[in-house]
Amino acid sequence: MSTDKNILKEINNALQWHCESNFTKDYHKTVKALVNKLKKNKEFSMDSGKYLGWVAGILYVVGEDSGLFEPNNTMNDKLYYSKTELAEGVGVSITTMKARATNIREALPEGSKFEADITYIYDDGFEESFGKIMDSVDFPDIEKYRIYTEKAMRSQTYEDTVKYLEKAIEEAKKKINPADFNELEGTLWLECDARPYLQLKSDLAYVHFVEQQYYKAIKEYKEILKLNKLDNQGVRFNLANILLIARRFDEFEELTKEFDEDRSTFMMYARALYYFMNKDEVNAKRFIKMAFEANIYVPRYLLDMEMIEFPIPDQYNLGDKVEAMHYYELASETWLYAEGALYWLVDEFFEYVKKNDIEVDYDKEEVLNEVDAIYQMINNNK
């Protein structure tokens, strides 16, 4: 009843990649020792269920024996992963991972322990070794897009990042039923197998955005919105800012019509800036008021009244400071592209706080001096 050779090959290939990418050499050595021990048990098989569950279970057993899940490891130059991170990294639920680990423990001789050295050593040759792994190991399709995504994240140049993200997108697309592109056009996000594909396209668009390759970014974001019209990913916010930077105002108007009922912080500030850039004072004033009502903290960061706290937390509540930080990270450059926008924001902000009896720690003149310094720095860097 031993494990089928083809399944065992898939398990070993996946284990090799996870170990080479995320763990130490000794961890990989210990994982292989565990697999060899399991192979000797002719009554034990890993044929049932998805093979990734067994991959996660094997990594978990070695991790548990090696103290991988101890949060204090980072203070001692040792690797640390939470159990949730390990399960998500492999692509299974924590329940499945623990269940397979239990199956594995039961198949081992009593008292067996597989302890690896998890002391972290930075590997300057990671890029070269990673490339060799990808060339030599035959991964199943379910793993390939993750491999290329990881490679993109490790890349040092824009060109390499784009190259590997495009490969990841190509592999992720293979997981989608071709008929779904027509049958679910506009609602593709509802198909779970399509989500990695859509997310990777969003990642690629953002890379283009950061590198000021605006036309390429716009193209990707528009393709995503065509496939996912409800925009569960929130890419409309990025697209809105790029369209303002590129002064593609007709397309910005079309975008806001599609999401006319969106009263979020991100869209209200974008629409206020749009009207300011188009010298529509009435609508600019109307939307900046709506923007302040959505989040009053945004001007404090755009105008350098408060400093951003890094790293910015992922989670935020509507209208809080963390949401304002996320907006600043996304749109601060957009406001700098609009000539005089920060001076206008100062006037509108101080008028609003005065009218609504909101206390601020700075007076208007101090903030204007900060804005002068911002524009001076920009001019000096031209």
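Small disclaimer: the values here were computed from a predicted structure and weren't measured.

> Account for the packing of helix H13 (residues 249-258) against helix H14 (residues 265-277), naming residues and giving values.
Running from N to C, H13 and H14 cross one another at 145 degrees; their axes reach a closest spacing of 12 Å. Classified by chirality, the crossing of H14 by H13 is left-handed. Where H13 abuts H14, its residues Phe249, Phe252, Glu253 and Thr256 lie against Met267, Ala270, Arg271, Tyr274 and Met277. Tallied by class, the residues present in the contact of H13 with H14 amount to six nonpolar, one polar and two charged.

> Explain the packing of aromatic side chains residue by residue, including any values.
Under the counting rule described, the total for this entry stands at 23 aromatic pairs. Judged by centre distance (5.2 Å) and plane angle (35 degrees), the rings of Tyr269 and Tyr327 are tilted. Of this pair, Tyr269 sits in helix H14 while Tyr327 sits in helix H17 (residues 321-337), placing them 58 residues apart in sequence. A relative accessible area of 0% places Tyr269 in the buried class. The exposure class assigned to Tyr327 is buried, which follows from its relative accessible area of 0%. Connected via pairs of aromatic rings, a cluster forms that spans Phe237, Phe266, Tyr269, Phe292, Tyr316, Tyr327, Phe349, Phe350 and Tyr352. Lying over the aromatic face of Phe181, Lys173 brings its terminal NZ or CZ to 5.4 Å of the ring centre.

> I'd like to hear about the environment of His208, residue by residue, with values.
Secondary-structure assignment places His208 in helix H10 (residues 195-210). The exposure class assigned to His208 is buried, which follows from its relative accessible area of 5%. A C-alpha to C-alpha distance of 8.4 Å links His208 and Tyr158, two positions 50 residues apart in sequence. Once you skip the residues sitting within four places of it in the chain, His208 turns out to touch Tyr158, Val162, Gln213, Lys216, Ala217 and Glu220. Within polar-contact distance, the side chain of His208 engages the side chain of Tyr158 at 2.8 Å.

> Residue-level account of a negative patch on the surface, with values.
Taken together, the side chains of Asp304, Asp363, Glu365, Glu366 and Glu370 define an acidic patch exposed on the protein surface. Within the secondary structure, Asp363 is located in the loop between helix H18 (341-355) and helix H19 (364-380).

> I'd like a rundown of the packing of helix H3 (residues 51-66) against helix H4 (residues 83-90), residues and numbers included.
Where H3 meets H4, the closest approach of the two axes is 9 Å, and the angle between their N-to-C directions is 145 degrees. Where H3 crosses over H4, the two elements pack in a sense that is right-handed. Contact residues: Leu52, Val55, Ala56, Leu59 and Tyr60 in H3; Lys83, Leu86 and Val90 in H4. For the contact of H3 with H4, the residue count by class is seven nonpolar, no polar and one charged.

> Please give an account of the environment of Tyr274 that cites residues and values.
Here Tyr274 shows up in helix H14. Distance from Tyr274 to Phe252, taken between C-alpha atoms, is 8.3 Å for residues 22 residues apart in sequence. Apart from residues lying up to four places away in sequence, Tyr274 is in contact with Leu244, Phe249, Phe252 and Glu253.

> Before we move on, could you go through the side chain of Thr30 and cite the residues and values that matter?
Mapped onto the secondary structure, Thr30 falls in helix H2 (residues 25-39). For Thr30, a relative accessible area of 9% puts it in the buried group. Beyond its immediate chain neighbours, meaning those up to four positions away, Thr30 contacts Val62, Phe114, Glu115 and Ala116.

> Give a description of the nonpolar core that names residues and reports values.
Membership of the largest hydrophobic core comes to 65 residues, with the highest contact counts inside it found for Ile288 and Trp335. Among the elements that make up this core, the one with the highest residue count is H14 (ten residues). In contact with Trp335, not counting residues within four places along its chain, are Tyr269, Leu273, Ile288, Leu302, Tyr327, Ala341, Leu342, Trp344 and Leu345. With 38 residues, the next largest nonpolar core counts Leu8, Tyr27, Leu38 and Phe114 among its residues.

The rules behind these values
Throughout, residues of each chain are indexed from 1 in the direction in which the sequence is written. Local features in this predicted model are restricted to residues of pLDDT 70 or higher, and side-chain atom pairs are both shown and tallied only at a pLDDT of 80 or more, whereas totals for entire chains, interfaces and linings draw on every residue. Here the side-chain values reflect all heavy atoms present in the structure, with hydrogen atoms and water set aside. All axes here are fitted lines through C-alpha atoms, helices being fitted over the stretch that makes contact, and every angle between N-to-C directions spans 0 to 180 degrees. Helical segments are the DSSP runs of H or I of at least four residues, strand segments are the runs of E of at least two, and each set is numbered from the N terminus. When the near helix sits turned anticlockwise from the far one by under a right angle, the crossing is termed left-handed; a clockwise turn instead gives a right-handed crossing. Whether two residues are in contact is decided by their heavy atoms: any pair within 4.5 Å suffices. Just so you know the grouping, Ala, Val, Leu, Ile, Met, Phe, Trp, Tyr, Cys and Pro go in nonpolar, Asp, Glu, Lys and Arg go in charged, and all remaining residues, Gly too, go in polar. Pairing of aromatic rings covers Phe, Tyr and Trp, the last counted by its six-membered ring, and requires centre-to-centre distances within 6.5 Å; plane angles under 30 degrees mean stacked, over 60 mean edge-to-face, and any other angle means tilted. Relative accessibility under 20% of the residue-type maximum defines a buried residue, over 50% an exposed one, and the middle range a partly exposed one, all with a 1.4 Å probe and only protein chains included. Here, a charge over a ring means that NZ of Lys or CZ of Arg falls within 6 Å of the ring centre while also lying within 35 degrees of the ring normal. We call two N or O atoms a polar contact when they sit within 3.5 Å, provided that within protein one can donate a hydrogen and the other can accept it, with sequence-adjacent residues counted only if both atoms are side-chain atoms. Exposure above 30% relative accessible area and the lack of any salt bridge qualify a residue for a patch; like charges then connect within 9 Å, and the nonpolar side chains Val, Leu, Ile, Met, Phe, Trp and Tyr within 5 Å. Per-residue and other accessible areas follow the Shrake-Rupley method at a 1.4 Å probe size, with only the shown protein chains counted as cover for residues. By definition, a salt bridge exists where a carboxyl oxygen of Asp or Glu is found within 4 Å of a side-chain nitrogen of Lys or Arg. Positive charge is attributed to Lys and Arg, negative charge to Asp and Glu, and no charge count is given to His or to the chain ends. Positions of charges follow a simple convention, taking NZ of Lys, CZ of Arg, CG of Asp or CD of Glu. Remark: nonpolar core denotes a set of buried residues (Ala, Val, Leu, Ile, Met, Phe, Trp, Tyr, Cys) joined through side-chain atoms within 4.5 Å.

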